[in-house]
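# Descriptive analysis of the structure
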Amino acid sequence: MDKKVKATIDSVESISEVKVSPFFKENVMHQIRTASEDVKDATYSWFTPKLQLATLACVVILNIMAFQNLKEATYNDNVTSFAESYGLSTSTESSILD
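Every chain is numbered on its own, with residues counted from 1 as its sequence reads. Local features in a predicted model are, by the rule used here, given only for residues with pLDDT of at least 70; side-chain atom pairs are given and counted only at 80 or more, and totals for whole chains, interfaces and linings are based on all residues. The side-chain numbers reported here are obtained from all heavy atoms of the structure, hydrogens and water having been left aside.

Bringing the overall build of the protein chain into the picture now. A tally of helices and strands in the protein chain yields four helices and zero strands. Helical segments are the DSSP runs of H or I of at least four residues, strand segments are the runs of E of at least two, and each set is numbered from the N terminus. Ordered by position from N to C terminus, the α and β elements of the protein chain give α-α-α-α. Areas reported as accessible are Shrake-Rupley estimates using a 1.4 Å probe. Residue values count occlusion only from the protein chains shown. A total accessible area of about 9,900 Å² is found for the protein chain, and carbon and sulfur atoms account for 64% of it.

Here's what the structure looks like:
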């Protein structure tokens, strides 16, 4: 075991210094910046004005259709159908007191 520890310590001493070009850091930082700009461009492509306008048009059309549908149905019809579906209607023929 002592021989393995000694061999490991000796191998650390034999490591030499690595020669790096002086512009290595700048090149790496430039590549990182361009990669992050590509990611931002892909993210903001969903928020283009064309897509916003199309989404707004769809929402407006759906609201107009819902409003027209709401105008056609009356409040009393809606309440009556709700009461009948839950058995809350107060018709005289199904009264318990009769």
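Structure shown, so let's carry the discussion forward.
Between its first and last C-alpha, helix α1 (residues 2–13) extends 17 Å over twelve residues, near the 16 Å set by a 1.5 Å rise per residue. Within α1, only zero of the twelve residues are buried, which leaves the element largely exposed. Expected helix span is given by 1.5 Å per residue-to-residue step, counting one fewer step than there are residues. Using a 1.4 Å probe on the protein chains alone, a residue whose accessible area is under 20% of its type maximum counts as buried, one over 50% counts as exposed, and one in between counts as partly exposed.

Let us now look at the packing of aromatic side chains. Each Phe, Tyr or Trp ring, with Trp reduced to its six-membered ring, pairs with another whose centre is within 6.5 Å; inter-plane angles below 30 degrees give stacked pairs, above 60 give edge-to-face pairs, and intermediate values give tilted ones. What the rule picks out here adds up to one aromatic pair. Judged by centre distance (4.9 Å) and plane angle (50 degrees), the rings of F82 and Y86 are tilted. You can call Y86 exposed: its relative accessible area is 59%.

For patch detection, residues must exceed 30% relative accessible area and be free of salt bridges, and they are connected within 9 Å for like charges or within 5 Å for nonpolar side chains (Val, Leu, Ile, Met, Phe, Trp, Tyr). By definition, a salt bridge exists where a carboxyl oxygen of Asp or Glu is found within 4 Å of a side-chain nitrogen of Lys or Arg. A cluster of nonpolar side chains, L53, L56, V60 and I64, forms an exposed patch at the surface whose accessible area comes to about 380 Å². The topology assignment puts V60 in helix α3 (residues 49–72).

Below, the discussion takes up the confidence of the model for the protein chain. Each residue carries a pLDDT value, the predictor's own confidence for that position, ranging from 0 to 100. Model confidence for the protein chain is summarised by a mean pLDDT of 78, while 76% of its residues fall at 70 or above. Looking across the protein chain, the model is least confident in helix α2 (residues 24–44), with a mean pLDDT of 75, and most confident in α3, with 88.

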